[in-house]
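# Observations on chain architecture
Here is how the chains run, residue by residue.
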Amino acid sequence: MGGVNRSIIKMATFTERMAPVLVLWLAVCLSGTWAVDRGNFKTCDQSAFCKRQRALKPGESPYRALLETMELTNTRLTLQLINDNNKVRLLLELYRLQGNITRVKINELKPLKPRYEVPDVLIREPPTEPLSLLSQDENGVVLSLGAESQRVIVSARPFRLDIMEGRDVLMSLNSRGLLAFEHLRMRKDTQADPESEKKEEADPADQAEGAKEEEEKDKDGMWEETFKSHTDSKPNGPSAISLDFSLPGVEHVYGIPEHADTLRLKTTDSGDPYRLYNLDVFQYELYNPMALYGAVPVMLAHNSQRTTGIFWLNAAETWVDISSNTAGKTVFGKMLDYVQGSSETPQTDVRWISESGIIDVFLMLGPTPKDVFSQYASLTGTQAFPPLAALAYHQCRWNYNDQEDVQSVDAGFDEHDIPYDFIWLDIEHTDGKRYFTWDPHKFATPKEMLQGLLDKKRKMVAIVDPHIKVDSNYKIHNEIRSRGFYIKNKDGGDYEGWCWPGSAGYPDFTREDMRAWWANMFAYDQYEGSMENLYTWNDMNEPSVFNGPEVTMHKDAMHGAWEHRDVHNIYGFYVQMATAQGLIQRSGGVERPFVLTRAFFAGSQRYGAVWTGDNAAEWDHLKISIPMCLSLGLVGIAFCGADVGGFFKSPSTELLVRWYQTGAYQPFFRAHAHLDTPRREPWLVGPENTVLIREAVRQRYTLLPYWYQQFYHTHLTGEPVMRPLWVEYPQDPATFALDDEFLIGRDLLVHPVTEEGARGVTAYLPGKDEIWFDVHTFQKHNGAQNLYIPVTMSSIPVFQRGGSIIPRKLRVRRSSTCMEQDPYTLFVALNPQRTAEGELYIDDGHTFNFEKKEFIHRRLSFANNILSSVNLAPDAQFSTNSWIERILILGTSKPSKVTLKAADGQESQLEFDFDASMSVLTLRKPGMNAGVDWTVTLM
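The shown structure was predicted, so the numbers you read here are calculated from the model rather than taken from an experiment.

Each value, and the rule that gives it
- Along each chain, numbering runs from 1 in the same order as the chain's sequence is written.
- Whole-chain, interface and lining totals are the exception, using all residues; otherwise, since this is a predicted model, local features are given only for residues with pLDDT of at least 70 and side-chain atom pairs are given and counted only at 80 or more.
- Heavy atoms throughout the structure, all of them, feed into the side-chain values; hydrogens and water do not.
- Numbering of helices and strands starts at the N terminus; helices are DSSP runs of H or I of at least 4 residues and strands are runs of E of at least 2.
- In this description the radius of gyration comes from C-alpha coordinates, and the expected globular size is given by 2.2 Å times residues to the power 0.38.
- Burial classes follow relative accessibility: with a 1.4 Å probe on protein chains only, a residue under 20% of its type's maximum area counts as buried, one over 50% as exposed, and anything between as partly exposed.
- We call two residues contacting when some pair of their heavy atoms lies within 4.5 Å.
- Throughout, the Shrake-Rupley method with a 1.4 Å probe supplies accessible areas, and for residues the shown protein chains are the sole cover considered.
- Only four residue types enter the charge count: Lys and Arg as positive, Asp and Glu as negative, with His and the chain ends excluded.
- Where a charge lies is defined by one atom per residue type: Lys uses NZ, Arg uses CZ, Asp uses CG and Glu uses CD.
- DSSP-based pairing: two strands are paired if at least 2 bridges between them are found.
- Interaxial angles span 0 to 180 degrees and are taken between N-to-C directions of axes, which are lines fitted to C-alpha atoms, for helices over the stretch in contact.
- By disulfide we mean two sulfur atoms from cysteines, separated by a distance within 2.5 Å.
- Think of pLDDT as the predictor's per-residue confidence, scored from 0 to 100.
- Under the rule applied, a polar contact is a pair of N or O atoms within 3.5 Å (in protein, one hydrogen donor and one hydrogen acceptor; residues adjacent in sequence only if both atoms are side-chain atoms).
- When describing relative orientation, an angle under 35 degrees is termed roughly parallel and one over 145 degrees roughly antiparallel, while 65 to 115 degrees is termed roughly perpendicular and anything else oblique.
- Residues are grouped as follows: Ala, Val, Leu, Ile, Met, Phe, Trp, Tyr, Cys and Pro are nonpolar; Asp, Glu, Lys and Arg are charged; all remaining types, including Gly, are polar.
- Just to be clear on terms, a salt bridge is a Lys or Arg side-chain nitrogen sitting within 4 Å of an Asp or Glu carboxyl oxygen.
- Ring pairs are drawn from Phe, Tyr and Trp, using the six-membered ring of Trp, whenever the two centres fall within 6.5 Å, and their geometry is named by plane angle: stacked under 30 degrees, edge-to-face over 60, tilted for the rest.
- We count a charge as sitting over a ring when the NZ of a lysine or the CZ of an arginine lies within 6 Å of the ring centre and within 35 degrees of the ring normal.

## Regarding the overall build of the protein chain
- In terms of regular secondary structure, the protein chain is built from 18 helices and 52 strands.
- Relative to the globule expectation of 30 Å for 939 residues, the C-alpha radius of gyration of the protein chain, 29 Å, shows essentially globular dimensions.
- Summarising its shape, the C-alpha atoms of the protein chain cover approximately 95 × 70 × 55 Å along the three principal directions.
- Buried positions account for 62% of the 939 residues belonging to the protein chain.
- Look at the contacts in the protein chain between residues 6 or more apart in sequence, and 73% of them connect residues 24 or more apart.
- For the protein chain, the exposed surface amounts to about 34,200 Å²; the carbon and sulfur share of it is 50%.
- Distance from the positive charge centre (97 side chains) to the negative charge centre (124 side chains) of the protein chain: 2 Å.

Below, the structure is given as structure tokens:
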């Protein structure tokens, strides 16, 4: 939720204490436009460092490697680079890491002061493997990377780095000569302090640099930059870094969220680069490279031979340029190349530009998509395993007005037989936007309200934003101020900006002691009115500053020794980290937390869920939710969703129904709406639509066992839950750019209806040897085809892969917790070889006890007419009351009899029905416990 223009309604209360100028400014912003005001956000041309770097011409690299400085130890290579224009030296470090990853770091050899290196994102110092020297001459060195004839070639003049496998170049660095490193320097028109004067005298290289620098005319924006009415003082001067990467044989690159764009990234030659800079963008536009709320500087490259990844570990404002030698070529043009024997290999070139910090890049060499996921997970960790209830349905709006409102919405779900697990409270629940408090009139007895929900096995989420009302009667503010925990402005005072409470301070979450203090505020005795079924939503954590440059914090604000410009993109990551820690701590480390964040960075997957921010009730926003979540999944953030129905504006009933049908098959499933929009709880949109929404939500609940085991799997492996088809069909080019359909795990393919008035959709079913079953009709379809599917308003095209077994719970109750001990139905879909396999994962659904091996994990398999359940984790201990109440086998023939052999060896015959028209066999009430061994034999 959020954006400057969040509402005019609030103006009255919001402006009482505000300076008239700000009132005027807000009035202009709130003037009712329904699209992003691009003028609030910089283009590359308006961002001085981006403009400077983009002006560099390829092929003129001033950098050369000084081979005589090379040192090779068992774990790393170091080598100095020199810029022949200004004689400044850089230090290159190269590491071979475990698991087929190469790390390249470049920093100044002798920086004037330390440059920022991002902490806390890597889960550990990555373990190295030995590098060995294969050959060396005056032109360069060749090192072995151990695995399968992989090697690194370092060329000296100009400096260039190539990673080869056999005769193939996998990736080249600085092949276009766009490495740039703006060294820290003294400003000429200020009196430098005598200490550093002495240093300058002492180092002849620096004197040479000084002479050269007279020629390097200070360009605009190097020492000060103004955007609209905001001036960035830039006390450290220019500090940008840049490096180019060439990817031979690659035409498809993905990742670098968050952007409202297609899954396959576009080339940027004719416009702005993709921007990574966490911003509170009101009413974002679609299909463009503008920055949004989060930034994960990870790109994946894929072709039918190999998948690789680039992880650029830098938290400053970053721009990514993409160009390709095949971009813009028509199919005819490519055909012509082929006929004429043109041998140009497709190639994608990528260039990263960041405002400050160092170059620290991880080259993940695959070769498969799943290898890249596991490589990235080894660096930044995997998705936190959410409580089961968090995978169910969430009901939210800005705002449920008071306790009575909450109670009546809760009752409405029961009355209309629609399950839900969480109801949400936005900013109006607080006492005057003071987080960790409750409005004394509207939410006078929060524990009573929470207990009422708990009695129905339901939960609540309340918002806690990281801007703190400046008010001497507010305990949280007083404590943060007295402990010195606020971010400081450039002059050393507490930084203040405007947000929902009016004047607000911003806690410095980059400090570990501040995060520990914040976590402690979630203790039950600190957060009054909180109970174990209250969870947390961190919004506005880019951070959003209504009167700041680009609606965010001034870059020259200070976090201890570091400027905000150095750490901007990890602020939200730290807010969610501290909040999740608080929820874990309050339960003594027993309960898994649930925290939703709007801003994020690499590694945010370890702390909870993410949503796509302030979307709008428009068909294109429904469509874009698919590639936006697919992109997040590719870079580790599996728990993603979009506001169902759209946050801004009011959806038509058709759009609302289609959005529920889509959201029911996306990882995070929450309806949300803006304060100004008419109420749209599912029973307020006409009885026929209530029926359709109920059905979509119920489908979600029946599939919770499958969703839960997918999240267990991603927690172990880093593989996305909602994934593009190419991840499972990496050699099928027809899948490479698809982003209107997706897989959940390996076994469910979903093609939501996202067109207004649609009478049909065309879904691509992958796999030339696969078959796919419509989950609603059990109709069988062959893979490797475009299938036209007629649709009505009740249709959600979903297919189960032949060869899979999916567990469902068909007795839907009012919340997921109420279904905990309910029985399972197994859907066994046979492949052409008449085999299938799947899993069943069960634990208590909410604690960390699964880490102590308290769970059931079983392999289900069907082969030779025998269906069996065997233990995948013999050392694990857990028991369940759930049993198997039905088994459906799709694509089989009629047996003469069916026998069940139980764990104790007892055999019995099972009743069955066979539908010959659909080849579906149904076994009724086999009755075995879900946690034990058994076999079912078809005779």
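## What to know about the sheet that holds strand β39 (residues 780–782)
- As summarised here, the arrangement of the six strands in space is β34-β35-β36-β41-β38-β39, forming an open sheet in which the pairing is antiparallel. Looking along the sheet, the strands with just one partner apiece sit at the ends: β34 (722–723) and β39.
- Bridge count between strand β38 (residues 771–774) and strand β41 (residues 798–801): three bridges; the pairing is antiparallel. Considered in β41, the bridge of Phe-773 is made with Gln-800.

## Thoughts on the sheet that holds strand β42 (residues 804–808)
- As summarised here, the arrangement of the eleven strands in space is β49-β48-β52-β46-β45-β44-β42-β43-β47-β51-β50, forming an open sheet in which the pairing is mixed. Whereas interior strands pair on both sides, the edge strands pair on one side only; in this sheet they are β49 (907–909) and β50 (912–915). Taken pair by pair, the neighbouring strands of this sheet meet at an average axis angle of 20 degrees, ignoring direction.
- In this sheet, strand β51 (residues 920–924) lies alongside β50 in antiparallel orientation, the contact comprising four bridges.

## Some points on the state of the cysteines
- Counted by the stated rule, this structure contains two disulfides.
- Paired through a disulfide, Cys-44 and Cys-50 show a sulfur-sulfur distance of 2.1 Å. Given an S-S torsion of about -100 degrees, the disulfide between Cys-44 and Cys-50 has left-handed geometry. In terms of burial, Cys-44 and Cys-50 fall into one category: buried.
- At a sulfur-sulfur separation of 2.0 Å, the disulfide partner of Cys-629 is Cys-640. Disulfide Cys-629-Cys-640: the torsion about the S-S bond is -75 degrees, which places it as left-handed. With Cys-629 in helix α14 (residues 619–634) and Cys-640 in strand β32 (residues 640–641), the pair connects residues that are eleven residues apart, well separated along the chain.
- Looking at Cys-629, the relative accessible area reads 3%, which means it is buried.
- What makes Cys-640 buried here is its relative accessible area of 0%.
- Ordering the disulfide-forming cysteines of the protein chain by sequence position, one finds them joined as 1-2, 3-4.

## Describing the confidence of the model for the protein chain
- Confidence in the prediction for the protein chain averages 93 pLDDT; 91% of positions are at 70 or higher.
- Below pLDDT 50 for its whole length, residues 3–33 participates in 61 contacts with residues either more than four positions away or in separate chains.

## What to know about the side chain of Gln-383
- Along the chain, the position of Gln-383 falls in the loop between α7 (369–380) and β21 (393–395).
- You can call Gln-383 buried: its relative accessible area is 1%.
- Looking at Gln-383, its side chain comes within polar contact range of the main-chain oxygen of Gln-605, at 3.3 Å.
- Separated by 2.9 Å, the side chain of Gln-383 and the backbone oxygen of Gly-608 make a polar contact.

## What to know about the packing of helix α16 (residues 687–702) against helix α17 (residues 704–717)
- Between α16 and α17, whose axes approach to 5 Å, the crossing angle comes to 55 degrees. When the interaxial angle is binned, α16 and α17 end up oblique. Facing α16, whose interface residues are Arg-700, Tyr-701 and Thr-702, α17 presents Leu-704, Pro-705 and Trp-707.
- Of the residues contributing to the contact of α16 with α17, the split by class is four nonpolar, one polar and one charged.

## Concerning the pattern of salt bridges
- Inspection of the entire model under this criterion finds 61 salt bridges.
- One salt bridge connects Glu-428 with Lys-433, and the closest N-O pair in it is separated by 3.3 Å.
- Salt bridges sharing common partners tie together Asp-232, Arg-275, Glu-317, Glu-355, Glu-550, Lys-555, Glu-563 and Arg-565.

## Observations regarding the pairing of strand β5 (residues 132–137)
- Here five bridges tie β5 to strand β6 (residues 140–144), and the two strands are oriented antiparallel to one another. The residue bridging Ser-132 from the neighbouring strand is Ser-144, located in β6.
- Hairpin connection between β5 and β6: a loop of two residues separates the two successive antiparallel strands.

## Examining the side chain of Thr-892
- Along the chain, Thr-892 turns up in the loop between β47 (884–890) and β48 (898–901).
- Note on Thr-892: relative accessible area 4%, which makes it buried.
- Here Arg-834 takes part through its side chain, which lies 3.4 Å from a polar atom of the side chain of Thr-892.
- Look past the residues within four positions of Thr-892 in its chain and what remains in contact with it is Leu-830, Arg-834, Phe-914, Ser-919, Leu-921 and Leu-938.

## Regarding unusual backbone geometry
- Following Pro-257, the chain continues into Glu-258 via a peptide bond in cis, with omega recorded as 25 degrees.
- On the secondary structure map, Glu-258 appears in the loop between β14 (252–255) and β15 (274–276).
- A cis amide bond, omega 15 degrees, links Gly-366 with the succeeding residue Pro-367.
- When you line up the elements, Pro-367 lands in the loop between β20 (359–364) and α7.
- You will see that Lys-649, though not glycine, has its phi angle at about 70 degrees, which is positive.
- Take Lys-649: it is sitting in the loop between β32 and α15 (653–663).
- The class for Lys-649 is partly exposed, based on a relative accessible area of 26%.

## Concerning the environment of Glu-317
- Checked against the element boundaries, Glu-317 lands in the loop between β17 (307–312) and β18 (318–324).
- Once the C-alpha coordinates of Glu-317 and Val-697 are considered, the two residues, 380 residues apart in sequence, prove to be 40 Å apart.
- One polar contact links Glu-317 to Ser-47, side chain to side chain, over a distance of 3.1 Å.

## Re the packing of aromatic side chains
- As enumerated under the stated definition, the model contains 49 aromatic pairs in all.
- Note on Phe-647 and Phe-648: the rings are 4.9 Å apart at their centroids and 75 degrees apart in plane angle, and the pair reads as edge-to-face. Each member of the pair, Phe-647 as well as Phe-648, is classed as buried.
- In this structure an aromatic cluster arises from ring pairing among Phe-422, Trp-424, Tyr-535, Trp-537, Phe-594, Trp-611, Phe-639, Phe-668 and Phe-711.
- Stacked on the ring of Trp-537, the Lys or Arg Arg-670 has its end atom at 4.6 Å from the ring centre.

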